[in-house]
Amino acid sequence: MEPPENDIVAFESAEKIILRWDSTASEDAREKMIFAGDRHEIDRYLQAVDEIQRSMEFATLSDDQNKANSAIQIAMARLEDEFRNILIAHTTPMEAESLTDTSNEDYHDNNSEVDSPLTKELEHQESNSSGSYRSTNSIREIDLMPSDAIYDLRCIAERMISAGYLRECIQVYGSVRKSAVDSSFRKLGIEKLSIGDIQRLEWETLETKIRRWIRAAKVCVRILFASEKKLCEQIFEGLGTATDDACFTETIKGPAIQLFNFAEAISISRRSPEKLFKILDLHDALSDLLLDIEIVFDSKSSESIRVQAVEILSRLAEAARGILSEFENAVLREPSKVPVPGGTIHPLTRYVMNYISLISDYKQTMLELIVSKPSTGSRYSSDPNTPDMDFGELESQTPLALHLIWITVILQFNLEGKSKFYKDTSLAHLFVMNNVHYIVEKIKGSPELREMIGDDYLKKLTGKFRQAAINYQRSTWVRVLYCLRDEGLHVKGSFSSGVSKSALRERFKAFNAMFEEVHRTQSTWLIPDTQLREELRISISEKLIPAYRSFLGRFRSHIESGRHPENYIKYSGEDIETAVLDFFEGYQVSQHIRRRSQ
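Residues numbered from 1 in each chain as written. Predicted model: local features only at pLDDT ≥ 70, side-chain atom pairs only at ≥ 80, totals over all residues. Heavy atoms only, no water.

Caption draft 1: Main features of helix H18 (residues 455-482). Taking 1.5 Å per residue, 28 residues should reach 40 Å; H18 reaches 39 Å between its end C-alpha atoms and fits that length. Remark: the principal bend of H18, roughly 35°, maps to Thr 476. Within H18 the residues assigned to the buried category are Tyr 457, Leu 458, Leu 461, Thr 462, Phe 465, Ala 468, Ala 469, Tyr 472, Gln 473, Thr 476, Trp 477 and Val 480. Of the surrounding secondary structure, the elements contacted by the buried residues of H18 are helix H15 (399-419), helix H16 (425-445), helix H17 (447-453), helix H19 (501-522) and helix H20 (530-560). (Helix = DSSP H or I, 4+ residues; strand = E, 2+ residues; numbered from the N terminus. Expected span 1.5 Å × (residues − 1). Bend = angle between axes of the 7 residues up to and from the residue. Buried < 20%, exposed > 50% of the residue type's maximum accessible area, 1.4 Å probe, protein only. Contact = heavy atoms within 4.5 Å.)

Caption draft 2: Quick look at the environment of Ile 195. Assignment of secondary structure puts Ile 195 in helix H8 (residues 195-199). In this structure Ile 195 comes out as partly exposed when scored by relative accessible area, which is 24%. Between the C-alpha atoms of Ile 195 and Ile 266, which are 71 residues apart in sequence, the distance is 8.4 Å. Ignoring any residue separated from it by four or fewer positions in sequence, one finds Ile 195 in contact with Asn 261, Glu 264, Ala 265 and Ile 268.

Caption draft 3: Local environment of the packing of aromatic side chains. Taken as a whole and assessed by the stated rule, the structure comprises 21 aromatic pairs. Judged by centre distance (5.9 Å) and plane angle (10°), the rings of Phe 511 and Phe 515 are stacked. With Phe 511 and Phe 515 both in helix H19, this residue pair falls four residues apart, about one helical turn. Classification of Phe 511 by relative accessible area gives buried; the value is 0%. Considering the side-chain rings of Phe 511 and Tyr 548, the 4.8 Å spacing of their centres and the 20° angle between planes classify their relative orientation as stacked. One end of the pair, Phe 511, is in helix H19; the other, Tyr 548, is in helix H20, with 37 residues separating them in the sequence. Each member of the pair, Phe 511 as well as Tyr 548, carries the same accessibility label: buried. Through pairs of rings, three or more aromatic residues link up here, namely Tyr 472, Trp 477, Phe 511, Phe 515, Tyr 548, Tyr 571, Phe 583 and Phe 584. Above the plane of the ring of Tyr 482 lies Arg 485, whose end atom (NZ or CZ) is 3.6 Å from the centre. Over the face of the ring belonging to Tyr 568 we find Arg 505, whose NZ or CZ atom lies 5.9 Å from the ring centre. (Phe/Tyr/Trp six-rings, centres within 6.5 Å; stacked < 30°, edge-to-face > 60°. Lys NZ or Arg CZ within 6 Å of the ring centre and 35° of its normal.)

Caption draft 4: Fine view of the packing of H18 against H20. Where H18 contacts H20, the axes come no closer than 11 Å and their chain directions differ by 30°. When the axes of H18 and H20 are compared, the pair comes out roughly parallel. Crossing hand, H18 versus H20: right-handed. Contacts between H18 and H20 involve Phe 465, Arg 466, Ala 469, Tyr 472, Gln 473, Trp 477, Val 480 and Leu 481 from the first element and Leu 532, Glu 535, Leu 536, Ser 539, Ile 540, Lys 543, Leu 544 and Ala 547 from the second. Considering only residue class, the contact of H18 with H20 consists of eleven nonpolar, two polar and three charged. (Axes fitted to C-alpha atoms, helices over the stretch in contact; angles between N-to-C directions. Parallel < 35°, antiparallel > 145°, perpendicular 65-115°, else oblique. Left-handed = near helix turned anticlockwise from the far one by under 90°. Nonpolar A, V, L, I, M, F, W, Y, C, P; charged D, E, K, R; others polar.)

Caption draft 5: Fine view of the confidence of the model for the protein chain. Mean pLDDT for the protein chain: 83, with 82% of residues reaching 70 or above. Highest mean pLDDT in the protein chain belongs to H16 (96); lowest belongs to helix H5 (residues 117-127) (41). Low pLDDT, under 50, characterises residues 375-379; the predicted model gives this stretch eleven contacts beyond four residues in sequence or across chains. Confidence drops under a pLDDT of 50 for residues 594-598, and excluding neighbours within four residues, the segment shows nine contacts in the predicted structure. (pLDDT = per-residue confidence, 0-100.)

Caption draft 6: Region of the structure containing the environment of Ile 18. Relative to the helices and strands, Ile 18 is located in helix H1 (residues 5-20). Under the relative-accessibility criterion, Ile 18 is labelled buried at 0%. Residues Ile 18 and Met 76, 58 residues apart in the sequence, show an inter-C-alpha distance of 9.8 Å. The residues touching Ile 18, leaving out its near neighbours within four places in the chain, are Tyr 45, Ala 48, Val 49, Ile 52, Ala 71, Ile 74 and Ala 75.

Caption draft 7: Here's a closer look at unusual backbone geometry. Non-glycine residue Phe 584 carries a positive phi angle of around 65°. You can see Phe 584 is positioned in the loop between helix H21 (573-580) and helix H22 (591-597). Classification of Phe 584 by relative accessible area gives buried; the value is 0%.

Caption draft 8: Looking closely at the pattern of salt bridges. Under the definition given, this model contains 35 salt bridges. Note that Glu 80 is salt-bridged to Arg 84, the shortest N-O span being 3.4 Å. With Glu 80 and Arg 84 both in helix H4 (residues 62-89) and four residues apart, this pair spans about one turn of that helix. Judged by relative accessible area, Arg 84 falls into the partly exposed class, the value being 28%. Where Glu 228 meets Arg 177, a salt bridge forms, and the shortest distance between an N and an O atom there is 2.5 Å. (Salt bridge = Lys/Arg side-chain N within 4 Å of Asp/Glu carboxyl O.)

Here it is as structure tokens:
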């Protein structure tokens, strides 16, 4: 049965329009684009395609089928070109030369500050929390194309998909839009680096790249990828089974992998203490983006991107835990054996306390999420070379607090070991006092660290440095004060019976020699903390000065009545009091004592 005559006429009319725009047969057709002309011509061509497709459904003769197939192939080739041309004509990469926010150091860059739609949109999404997109208020979609271009693209896509040209449509769309995304990546400073390339970079270079990546990742997920998804939905939604998802995945899968490969490379790189805070930055940023990632990449075809993000987040957390654990081990095993001059604060003490102070106030919440708590009652290590610590006494502490307390414990353990390298026992005690006092003051100086460690443990630390101060005084001044005792000076066992002048002279000579030696050495020792230095001097003076003045008052006359009293009574009480002020200043003996001792 032949088709009705009016159908034949309609087909021939449609075929004529299709052939007139056959770019392989007409130079005029090659130079012009249908969708760049007037609306009437566009509609005529689309109607012609529809007619050809309708004719194919009813064609019964092979000749008719061949003619229809030939016409539809010519039409699809033309529509593919038109589709590509519209995409290219209306594809403008997002401007992002300057993603700089001077109010936030992490966003600071040296690029020129140029306002752009992308920058303004990012600032809007960071400052305005009133709007929402599905279940998050952080995603902000930008219209990537005007509505008339979207309408034309949808008209073309509908006909290509209906004619069985879905794959060609997706490929054209993906190639053009991916090129646009790549261009935006370049604007955002996202480089095409392999994981190996990233791991070979110097850490100082990586620090800068991490800051830029965090800013770029927020833009990519919340604006760039979200806007690409919206565009796919506007053009393809409802035209085929998950066609919009297929086009979206075709466009952004490569760039998304490129984006997340950077964070992945950092997560599996060699661990070292200085990397902790930037790894926490990455973890914080990715964790904050996770809900947005799940929304933007919610389809089955982009599941691998969601999985990659979750896996990277887990590895970043593991890296942070590993760095903290390795830092603890490094503090415990720090091998330096050369005593610091003057018993002052060891560089290790400063480094460790500055580090844990940063940990406590830098990313406290994040660390609480990723640091595991040792089981109650357990000890951290059974190694005899490691201090034991019973966590059962600290049940109320957070996991992070336990780690920070443990670090101070192993730091003290290491310092106790280093104190044994001092030949002078008094200096060893002074070294311990200085360093534990520094630990206490560092904790007191950081509200976050003090709150985490707690006042109970702080009291224990305070007791330790005070005990070290007592040990110092005992090891130094007991033998000096021993020279000022009465025993052994009285003749015939009675105070009224008289005093042995020879014994008394020896006692004064011994005191002078001991005090001069202590003054000579301990003036070169250093207590950097002014208040601690003054407290220890006062404590020394309160024991030494009254004892010396009393001894001098009781026995001065016995020496002055003999020959050359100046050889034995070399110092007044005021001289001793002045000399004590030279202690722990870290320089050579004062001219005052040097002159009097000559």
